[in-house]
Amino acid sequence: MKGNHKVPARIMFLEWGWLTLIIHLYIQICVCLRTVHSSLPRHGYIIPESPVIALGSQLEASCILNDSFVKESKVDANQIFWKLKGKTISKDFYHTVNSTVSNITLNISSVESSLLTCSVQRNEDQATTVFGIQITAGLPPEKPKNLSCITYHERNMTCSWDPGKNTYLPTSYQFKLSIALDKLKSYPLPNKVNNSFAILYPNISYFVFNKIWVEVHNDLGSAKSDVLQLDPLDVIKPDPPKITSVQLVKNISTVLTLKWENPPLPITYDLKYNLRYRIIDTSNWMQVPPEDTESPRVSFLVQNLKPFTDYAFTIRCKKNDEKGYWSDWSLEKIGKTPEAKPLRGPLIWRTIENLESSKRRIHIMWKELDKSDANGIILKYQMSIKGKNFMEIESFGTEKLGYNLILSNEEYEIRLIASNSAGDSPNEILVLPATTKSALPPVQNLHAYPQDNQLMVEWKPPYSAVSGYVIEWCEEFSKDLCPGPLYWQRVQKDANKTYLKNNVMPFKRYRITIYPLYSGRPGAPLSKLAYLQQDRPENGPIVHLKHVGKKEVELTWSEIPVKEQRGFITNYTIFYKSGNANETSVVVDAKYQELQLNSLTGNTLYVVRVMASTVKGGTNSSEVNFTTLNFAKGEIEAIVVPICLSFLLITVVTILLCFNKRHLIKKYVWPNVPDPANSRVVEWSPSTANLIQDNLSPKEPMNPDGFISDVIIIEADADGEKYLSNEDEIKQLTSLKKEKSTSEEHSSGIGGSSCMSSPRQSVSDSDSESAQNTTSTVQYSTVLVNDTGYRCQQPSAQAFTRSESTQPLLENEEKADEHTYGNFGSCSTEVKRQYFKQNASIEEKNLSAPHSNEVLIGTNEEDSLRQSQMESSDQSSVLEGCCTNKEEFPNSNDQTVVKLEFLGFSAGLETDQQSYMPQAVKHNSYMPQSK
């Protein structure tokens, strides 16, 4: 006990020593300052000197100048100015009383110490400080409040109070204690201690009333608290009891006995207790009812505990008459209850895989019991399977948490029991319905959403009564596929929402399925997809070009794999542009993976990309380039087909028209050409034939094939009265041969002319060899007679030309010849070319009379000559320019129409066909063949 008194006394001595030293140093500083002050020449002083002013009050001060200073310096009070904290004070706050006194009035609003000086302005450049004082501002002390005391048995009695506001001034506190009028004790408080004081034991007096109060003082005032009367025994705060042991009660797994030691107290001091406990690793305290621990004791029997559970116990005490204070809680003491039978069987569930041959692979799984339900260490699990008519099929024990078996499609009942050292749990039953039975009703309106960083599952219960729910979930890697581990948990029947307890990660998609249980029989499942937390897709979709047209393109894109989606795809946005044009976007619903872009420009390069979006953002695909086509599908066909059809239609119409107008086409395009080889000239009268034979050279026999190689031109009188004699005929024949040989040297056999040589190359001259190699020629003859000699007034010899063309002469060739003739003569000669056709009838010749290539035969010679002149009249104007002098050029190009009667032809000639087919017979000849 003596040791307890010496330590506080030593502390108080040290505190008082420091206080004495500080006071001594303050006194020494003041003495030094006063000495320095007195050594300086004094020009005046300020009253009051170093005042202490209450905060917010006014200070009135006066600056008084010495008379000697006034006389020597020749100054007065009007030259005084004041400064506070080094700053000049406005003249509005001070005034001059007389020549030596200046008064000032200040409002003090700052608690800091401030220097106030008064100075004299002698001139513009010189000022002299007269005197200065230190102003201290603060507050008077307030009355101490809420004085109370606590007794710590055999240590001290500590009293405390509320000192009120800070005074900002040095303030002293005195603790007063009086047991009787003659026993007043005063205890000054150490410096900086103003709210508590402790009276050390044994200076505490029990069983008597102690009067206690506090007094406080500073330069601005003093105050005193209310007097407190108490017995220190009534304000005791005892020490907490000390728990010594926690013991088991035999054969009772829910009871523990707690024992403790009470703190040292006066003998008459009776206690009551508060006892509380909690399960280890939890923070929830459970308390024994206070009425059970009101009487003094040293032990207590704690009941209704959980078996095989660790508990922490603590206790506190107080005087049982409610006086004094509760002790602090004691240190915790750990105790553990013994094992008991498990409260329930383990939660059981199954997965089913249908096999062939009406079999099912069943995986039975169950969860470990919580410690509160296991009531001990589970040693094994006992499972039994009952089939139809509740016949037990199989029973076994295992320490694992799952079992696989193959069953048929019938209904089965599975029972599971957990066992520990104290016994077995109740049965947990799961029914496997037959596949032929209809499923029981599912839950309604299943929802899953994140909440408080957990995944909340909420549903609406079915209309039928249920015994509980099973919620299973798995991470979905692809659509309608959960290859990963399956997690599940059991929920009570009265719940309609719950958190998924574990195995849920952000950015992963989970398929959540809930089964209602009807007395252990699962109902139909209902599933939902959910994310704990979503993010933008990890990668964008892969874009393909399905079809590219002229003004449209069809795009397709693959769905992003589920593991890369990291959230639900809300939509796709297609961005496309061409060149430097602005980018265009189209939004597509998430259920579509294709789009056709229209209104594009043909033959243009486009860039397209697709962005997949979730609620947290989107990710773009790689860019795809494509060029639209020049022509749309079917556009070329639309152009080509009409053209082809039009051409075909024109061709068909042309063919039909040609067929319908074939006689006109034959007339103008392919007219009947007389065949000289079949000419009737060979059938002339015998006298003429003999004459021809006599005049022919022996070296020039008649063509044995019957073709006429040379034609004798017989001149007849137009009136039919004059005939050539044999001598004249021979002369004409001789001159004709000479002209022929001469013309063959300079011109072709077809186009011979009396004016100039023909522009056509002679087949018999330069091309004779090639003509002989290719085909024989059909010889045509033209009889040229001057029937206009009376016009030109010049006698002329007849001209004879021959053609060796392989084809019948066409109208254009005839016209070319006509133009050729017309360009070489100026005579007004009518030229007419007549082609003789073998065996031609008079009727045919009359029908073909309008054409220039047929012979006009008639009984009237004048009519024939007149018509021949009319047909060649179109060329007369051209032929007139052929010869500039009619006397110089004979009329050898003029044609004459020979009257066939003069040549010995019969008027009744047989009618021949209108066409012939040339056929090669011998060298340099054709054999016409009638059709």
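In what follows, the structure referred to is the one given above.
None of these values were measured; they are calculated from a predicted model. All residue numbers here refer to positions counted from 1 along the written sequence of the relevant chain. Local features are withheld for residues below a pLDDT of 70 in this predicted model, meaning they are given only at 70 or higher, and side-chain atom pairs are given and counted only at 80 or more; totals for whole chains, interfaces and linings count all residues. Each side-chain value is derived from all of the structure's non-hydrogen atoms; neither hydrogens nor water enter the calculation.

Chemist: Report on the packing of aromatic side chains, specifying residues and quantitative values.
Modeler: We call Phe, Tyr and Trp rings a pair once their centres come within 6.5 Å, taking the six-membered ring for Trp, and we label the pair stacked below 30 degrees between planes, edge-to-face above 60, and tilted otherwise. Taken as a whole and judged by the stated rule, the model has 17 aromatic pairs. Pairing Tyr311 with Phe313 gives two aromatic rings, centres 6.3 Å apart and planes at 40 degrees, and the pair type is tilted. Across this residue pair, the class does not change: Tyr311 and Phe313 are buried. Each residue in the set Trp161, Phe175, Tyr187 and Phe197 is aromatic and connected to the rest through ring pairs, giving one cluster. Summary of the burial criterion: residues with accessible area below 20% of their type's maximum are buried, those above 50% are exposed, and those between are partly exposed, where the area comes from a 1.4 Å probe applied to protein chains only.

Chemist: Before we move on, could you go through the sheet that holds strand S37 (residues 497–499) and cite the residues and values that matter?
Modeler: We treat two strands as partners when DSSP finds at least two bridges between them. Where helices and strands are cited, they refer to DSSP runs of H or I of at least four residues and of E of at least two residues respectively, numbered from the N terminus. Overall, antiparallel pairing links the three strands, which are arranged S33-S34-S37 in an open sheet. The sheet terminates laterally at strand S33 (444–451) and S37, the two strands that pair on one side only. Strand-to-strand twist in this sheet, taken as the mean axis angle between neighbours without regard to direction, amounts to 15 degrees. Where strand S34 (residues 454–460) and S37 come together, three bridges link them in antiparallel fashion. Its bridge partner being in S37, Glu458 is matched across the sheet by Lys497. An axis is simply a line fitted to the C-alpha atoms; with a helix, the fit covers only the stretch in contact. Between two such axes, the angle follows the N-to-C directions and lies from 0 to 180 degrees.

Chemist: Break down a nonpolar patch on the surface for me, with residues and values.
Modeler: What goes into a patch is any residue over 30% in relative accessible area without a salt bridge, connected to like charges within 9 Å or, for nonpolar side chains (Val, Leu, Ile, Met, Phe, Trp, Tyr), within 5 Å. Calculation of accessible area relied on Shrake-Rupley with a 1.4 Å probe; when residues are assessed, cover is drawn exclusively from the protein chains displayed. What counts as a salt bridge is simple: a side-chain nitrogen of Lys or Arg found within 4 Å of a carboxyl oxygen of Asp or Glu. Taken together, Phe631, Ile636, Ile639, Val640 and Ile643 make up a surface patch of nonpolar side chains, about 460 Å² in accessible area. With respect to the helices and strands, the residue Val640 is situated in helix H5 (residues 635–660).

Chemist: Tell me about the nonpolar core, and please be specific about residues and values.
Modeler: One finds Met157, Trp161, Phe175, Ile212 and Phe313 to be the most contacted residues of the largest nonpolar core, which totals 41 residues. Setting aside its immediate chain neighbours within four residues, Phe175 contacts Cys159, Trp161, Lys185, Ser186, Tyr187, Leu189, Phe197, Ile199, Ile212, Trp213 and Val214. Formed by 26 residues, the second largest nonpolar core is a distinct cluster that contains Val70, Phe81, Ile133 and Ala137. To form a nonpolar core, buried Ala, Val, Leu, Ile, Met, Phe, Trp, Tyr and Cys residues must be joined to one another through side-chain atoms within 4.5 Å. Throughout, a residue-residue contact means that at least one pair of heavy atoms, one from each residue, lies within 4.5 Å.

Chemist: Outline the pattern of salt bridges, supporting the account with residue identities and numerical values.
Modeler: Under the counting rule described, the total for this entry stands at 21 salt bridges. Residues Glu322 and Lys272 are paired through a salt bridge, measuring 1.8 Å at the closest nitrogen-oxygen approach. Here Glu322 is found in the loop between strand S23 (310–319) and strand S24 (333–336), whereas its partner Lys272 is found in strand S20 (residues 271–279), with 50 residues between them in sequence. One salt bridge in this structure joins Arg509 and Glu476, with 3.5 Å as the shortest N-O distance. Taken together, the residues Arg509 in strand S38 (residues 509–518) and Glu476 in the loop between strand S35 (468–475) and strand S36 (487–491) connect sequence positions 33 residues apart. Since its relative accessible area comes to 2%, Glu476 is described here as buried.

Chemist: Which residues make up the sheet that holds strand S4 (residues 80–84), and what values do they have?
Modeler: With respect to topology, five strands assemble into an open sheet ordered S2-S9-S8-S4-S5, the strand pairing being mixed. A strand with exactly one partner marks an edge of an open sheet, and here the two such strands are strand S2 (52–54) and strand S5 (87–88). Summarising the sheet, S4 and S5 pair through two bridges and their orientation is antiparallel. What sits directly across from Leu84, in S5, is Lys87.

Chemist: Give me the lowdown on unusual backbone geometry, citing residues and values where you can.
Modeler: Of note, the amide linkage connecting Ile47 to Pro48 takes the cis form, showing an omega dihedral of -5 degrees. Mapped onto the elements, Pro48 comes out in the loop between strand S1 (44–47) and S2. Residue Tyr201 is joined to Pro202 through a cis peptide bond whose omega torsion reads 15 degrees. The topology assignment puts Pro202 in the loop between strand S14 (196–200) and strand S15 (210–218). Look at Lys85: it is not a glycine, yet its phi comes out positive at around 55 degrees. By relative accessible area, which is 45% here, Lys85 ends up partly exposed. Positive phi, close to 65 degrees, is recorded for Lys192, a residue that is not glycine. Among the structural elements, Lys192 can be located in the loop between strand S13 (184–188) and S14.

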